[in-house]
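# Commentary on secondary and tertiary structure
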Amino acid sequence: MLNVISILLLAVIVVNGASQSKDPEVWQEYEALQHVEALGVEFSKYFRNVTLQSLGVSGFQVPRQEDIVCIQDLSELIKGLSSRKRWALKMIDSWGSIPSGVLIGNAFDLGNFDECLSISQPISSSQKINGKYCFLLVSKLRIATCFPASCSATQMQPFVDQLLQKLIKSNSSSLSVRISDTSCQTSDLVPWDGLTIFTIVVLSLLACIVIAFTLFDFIMCHDQSEFSVSKPRHQIYLSAFVSENIPIVVKALSARANSRALFRIVPNKSNPNVIECFHGIRCMSLLWVIYAHEYIFFVRTPNLNNADIQNWAVEPFSSFTLHGYFAVDSFFVLGGLLVSMIALRVMEKTKGRLNPLLMYLHRIIRLLPVVAFAILVYMTLMNVVSGGPMLKYGYHGKAACAKGWFWTLLFIQNYAVLDICLDHTWYLAVDMQLYLISPLLLIALYRWKSKAVAGIITLIVLLSGCLFATQMVNKYSLLIKNSSEDDAVANKKLYLATHTHAAPWLIGFLFGYFLHVNRGVQFLIRKPIVWTGWVLSLAMIFTSIFALYPAAQWSAPPLSTLEESLYYTLTRLAWPLAICWIIFACMQGYGGLANSFLSCPLWQPLSRLSYSIYIWHMFVQEVNSRNVRTNTYFSNYSAMEHFWFDLGFTVLLSYYFYIIIEAPLCGFDSLLRPRRISPAVERPPLITDQDNVPACPNETESKPISVSD
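Just so you know, these numbers come straight off a predicted model, no measurement behind them. (Residues numbered from 1 in each chain as written. Predicted model: local features only at pLDDT ≥ 70, side-chain atom pairs only at ≥ 80, totals over all residues. Heavy atoms only, no water.)

### Looking at the pattern of salt bridges
The final tally for this structure, using the stated rule, is seven salt bridges. Of the charged contacts in the structure, one is a salt bridge between arginine 256 and aspartate 217, with a shortest N-O distance of 4.0 Å. With arginine 256 in helix H11 (residues 255-262) and aspartate 217 in helix H8 (residues 194-220), the pair connects residues that are 39 residues apart, well separated along the chain. Judged by its relative accessible area of 19%, arginine 256 is buried. Two residues, arginine 363 and aspartate 431, come together in a salt bridge whose shortest N-O distance is 3.0 Å. Here the residue arginine 363 occupies a position in helix H16 (residues 356-380), and aspartate 431 occupies one in helix H20 (residues 426-448), the gap between them amounting to 68 residues. Per residue, the accessibility class of arginine 363 equals that of aspartate 431, and both read buried. A cluster of three or more residues bridged by salt bridges with shared partners is formed by Asp217, Lys251 and Arg256. (Salt bridge = Lys/Arg side-chain N within 4 Å of Asp/Glu carboxyl O. Helix = DSSP H or I, 4+ residues; strand = E, 2+ residues; numbered from the N terminus. Buried < 20%, exposed > 50% of the residue type's maximum accessible area, 1.4 Å probe, protein only.)

### Let's talk about the packing of aromatic side chains
Per the counting criterion, the structure on display carries 42 aromatic pairs. Seen in terms of ring centroids, tyrosine 295 and tryptophan 312 are 5.0 Å apart; in terms of plane orientation they differ by 20 degrees. Their pairing is stacked. One end of the pair, tyrosine 295, is in helix H12 (residues 277-298); the other, tryptophan 312, is in helix H13 (residues 309-312), and 17 residues separate them in sequence. For tyrosine 295, a relative accessible area of 0% puts it in the buried group. Judged by relative accessible area, which is 3%, tryptophan 312 ranks as buried. Taken together, a centroid distance of 6.2 Å and an interplanar angle of 15 degrees make the contact between phenylalanine 511 and phenylalanine 514 stacked. Of this pair, phenylalanine 511 and phenylalanine 514 both sit in helix H23 (residues 502-517), three residues apart, roughly one helical turn. By relative accessible area, which is 10% here, phenylalanine 511 ends up buried. The structure contains a cluster of three or more aromatic residues connected by ring pairs, namely Tyr291, Tyr295, Phe298, Trp312, Phe317, Phe320, Phe542, Phe546, Phe634, Phe643 and Trp644. (Phe/Tyr/Trp six-rings, centres within 6.5 Å; stacked < 30°, edge-to-face > 60°.)

### Looking at a nonpolar patch on the surface
A cluster of nonpolar residues, Trp192, Ile197, Val201, Leu205, Val384 and Val385, forms a patch on the protein surface that exposes about 550 Å² of accessible area. Sorting the residues of the nonpolar patch by element identifies H8 and helix H17 (382-385) as the ones contributing at least two each. The biggest single contributor to the nonpolar patch is H8, with three residues. Mapping valine 201 onto the fold places it in helix H8. (Patch = residues over 30% accessible without salt bridge, like charges linked within 9 Å, V, L, I, M, F, W, Y side chains within 5 Å. Areas by Shrake-Rupley, 256 points an atom, 1.4 Å probe, with all protein chains shown as cover.)

### Thoughts on helix H24 (residues 527-546)
With 20 residues, H24 extends 28 Å between its outermost C-alpha atoms, agreeing within 8% with the 28 Å of an ideal straight helix rising 1.5 Å per residue. When H24 is considered as a whole, its buried residues turn out to be Val530, Gly533, Trp534, Ser537, Ile541, Ser544 and Ile545. Projected down its long axis, H24 carries its buried residues within an arc of 105 degrees, all on one side. Opposite the buried face of H24, by more than 90 degrees, sit the exposed residues Pro528, Trp531, Val535 and Leu536. Packing partners of the buried residues in H24 comprise H12, helix H14 (318-322), helix H15 (326-349), strand E6 (521-525), helix H26 (561-587) and helix H27 (593-598). (Expected span 1.5 Å × (residues − 1). Arc of directions from axis to C-beta. Contact = heavy atoms within 4.5 Å.)

### Some details on empty space enclosed by the protein
If a probe as big as a water molecule is rolled over the atoms, it shows which places are left empty. Tallying each qualifying case throughout the model produces five cavities of 30 Å³ or more. In this model, the largest cavity occupies a volume close to 50 Å³. Val266, Asn268, Glu276, His279 and Gln604 are the residues nearest the centre of the largest cavity, which is lined by eleven residues in total. In terms of residue class, the lining of the largest cavity is built from five nonpolar, four polar and two charged. (1 Å grid on protein atoms, 1.4 Å probe; cavity = no way out; pocket = protein on both sides within 12 Å on 5 of 7 lines; lining within 4 Å. Points joined across faces, edges and corners; volume = space filled by probe spheres on them. Nonpolar A, V, L, I, M, F, W, Y, C, P; charged D, E, K, R; others polar.)

### Concerning the packing of helix H21 (residues 450-474) against H26
One way to put it is that H21 packs onto H26 with a least axis distance of 9 Å and a crossing angle of 150 degrees. By the criterion of interaxial angle, the relationship of H21 to H26 is roughly antiparallel. With respect to the hand of their crossing, H21 and H26 are arranged in right-handed fashion. Contact residues: H21 offers Ile460, Ser464, Leu467, Phe468, Gln471 and Met472, while H26 offers Thr561, Leu562, Glu564, Ser565, Leu566, Tyr568, Thr569, Arg572 and Leu573. Of the residues in the contact of H21 with H26, the class split is eight nonpolar, five polar and two charged. (Axes fitted to C-alpha atoms, helices over the stretch in contact; angles between N-to-C directions. Parallel < 35°, antiparallel > 145°, perpendicular 65-115°, else oblique. Left-handed = near helix turned anticlockwise from the far one by under 90°.)

### Examining the confidence of the model for the protein
Taken as a whole, the protein shows an average pLDDT of 82; of its residues, 79% reach a score of 70 or greater. Low confidence marks residues 1-16, where pLDDT is under 50. Its contacts with residues over four positions away, or in another chain, come to 55 contacts. When the criterion is pLDDT under 50, residues 224-244 qualifies, and its contacts beyond four places in sequence or with other chains add up to 44 contacts. (pLDDT = per-residue confidence, 0-100.)

### Let's talk about helix H18 (residues 398-409)
In this model, H18 (twelve residues) spans 15 Å end to end at C-alpha, consistent with the 16 Å of a helix rising 1.5 Å per residue. Where H18 is concerned, the buried positions are Ala400, Cys401, Gly404 and Thr408. The buried residues of H18 occupy an angular sector of 140 degrees when projected down its axis, which confines them to one face. Away from the buried face of H18 by more than 90 degrees, exposed residues Ala402 and Lys403 are located. In this fold, the buried residues of H18 make contact with H16 and helix H19 (413-416).

### Description of the state of the cysteines
Overall, the coordinates contain four disulfides when judged by the stated rule. Residue pairing for cysteine 70: its cysteine sulfur links by disulfide to cysteine 151, the two sulfurs lying 1.9 Å apart. An S-S torsion of about 105 degrees defines the bridge between cysteine 70 and cysteine 151 as right-handed. Pair noted here: cysteine 70 is in helix H4 (residues 65-82) and cysteine 151 is in the loop between strand E4 (141-148) and helix H7 (153-168), with a separation of 81 residues, a long-range link. Take cysteine 151: its relative accessible area is 1%, and that puts it in the buried class. Between the sulfur atoms of cysteine 401 and its disulfide mate cysteine 421 the distance is 2.0 Å. With the S-S bond torsion at 90 degrees, the cross-link from cysteine 401 to cysteine 421 turns out right-handed. With cysteine 401 in helix H18 and cysteine 421 in the loop between H19 and H20, the pair connects residues that are 20 residues apart, well separated along the chain. Considered together, cysteine 401 and cysteine 421 belong to a single accessibility category, that of buried residues. Each bonded cysteine of the protein is numbered by sequence order, and under that numbering the disulfide pairs are 1-5, 2-4, 3-6, 7-8. (Disulfide = S-S within 2.5 Å.)

Structure follows, in structure tokens:
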């Protein structure tokens, strides 16, 4: 779930920040540039008479039409500056300058993007000057410039060369200066391509259909008592989709009915077949993922203090972000648990019969359409909804999606390509691949029981050994200070591969089998054992997060490959075991404060919306991080502020797509299921398993089992 490719990018940024702050060339460039005034002012002072030769057009060359137009506009600009015309002053005023704080990592001066693009000055009936915003690249610095839109970066390059040569008076070969043509933007709207138009039309049609069916539902359904929260959830589900008066298709497409189901709060213990702490674990893991991703985009924004990131990376708090990938293992545990519990109960009722094709169909209906729409939206709408100096080309993975979108729809992108279309969908690929092999494991458990359990445990050991050997043989490292720009292949082999995540999923799968076999059983456990379980569980959790903290210090001696391999392999087992204990303790009444928090009914709406939130949160984060107009300040407080801001917009966006895409799919998927729905069914889909919430043991029919030392 966590985009580890981006984590590696964070590592590279941190390492580069550390090295650049001590690079002698940075100090030399700083010495050369520190006496330079605002570049826009310097430009207006230096160039009073603009000629074709200034553009690099020699006397014997025939000037091109675009050169003549550029010269005319520049001449008008100089005249406007001399006469103090407002539009000309705005063009110079929107320039950036040498950034303040270069020595602490500030490499950007964004100038005033909107001021530059707002310039549109008619000179005559045949001449009109518009502003063009470009970045001037001075070695590692990015400085905003503003020129007439008729002038290209190539045409303005001679001006820049002359200006910097006069101002800096340095022959240093390390100081390269050029205007980035790829960064240039004007106020002219880029025409929408066919794919963008198609995406907008389809989303608009879906929204209109939902609105129409919502109005029909509002007019036709007058009796609200059938949706009373006092009824059991399976009765509410049935009344919402099997109403005698309202067609099922109307209920499936009605925003009114779907919103009622989404925001319904079911009191605890109202259904003994629901594992109530699942909602809290799912939501906490999801928030952890979003918060970790927030830092990925934050470090890529034009920060004033990029050099401080190297100090942040070795603080204790940063371990929660850098080791956020453990949230993935929590989801794999929940996913494996739900698959085994739900399917084994079905097999028990059908005397061992299992329909794998129908299982796959349900999963594809729940996952594939949402991912397909996400690919379209990420590729086409990022520039439509926002813009800015850092957001010219839209989604950063647009090229990868154009080349390999089909790998994502086939759910094999984690093996097929290095550059994944929608980075965070690698988790869906791993989860789908594990789901595909689940029927074999389910049949084995149903037929051979303990022998199958022993076989799965053996498989977990073998997969852990494979992970250990992969890291040992290739000498892969997890520490930021050992990272490099060539770690994409290592990331693919060590983290994105399905077999490296199979162990947590299989542990959850076996735990689900344990709960299935012992459903309705109340375990009586002595307090010392309960305390021991909690101490071991918390110890495994905090050890997984903080074990590498001492070795992560820049001055600490490097860990051996053996030590890192043992850490990475053992934490893949320790974390899921800790999660299993938390679930078991909460179910059996030994959760205390943790159970009260994780089982709070207020988690339920967010839990039901979790799949949509997971799919769409990076869209919001990238838009909000790249549409900045000014520099930002990197700190944990600022990151938390951005997190809550982005989360709010993500929930709103996710709700919209849930109503027009995901919820209708859930309704139509219910038509493929048998008409008799057990109390274990809950309509909203889950991120971990696209089937419904499994049932919990019925405590009223349980027989106590005493567990002693």
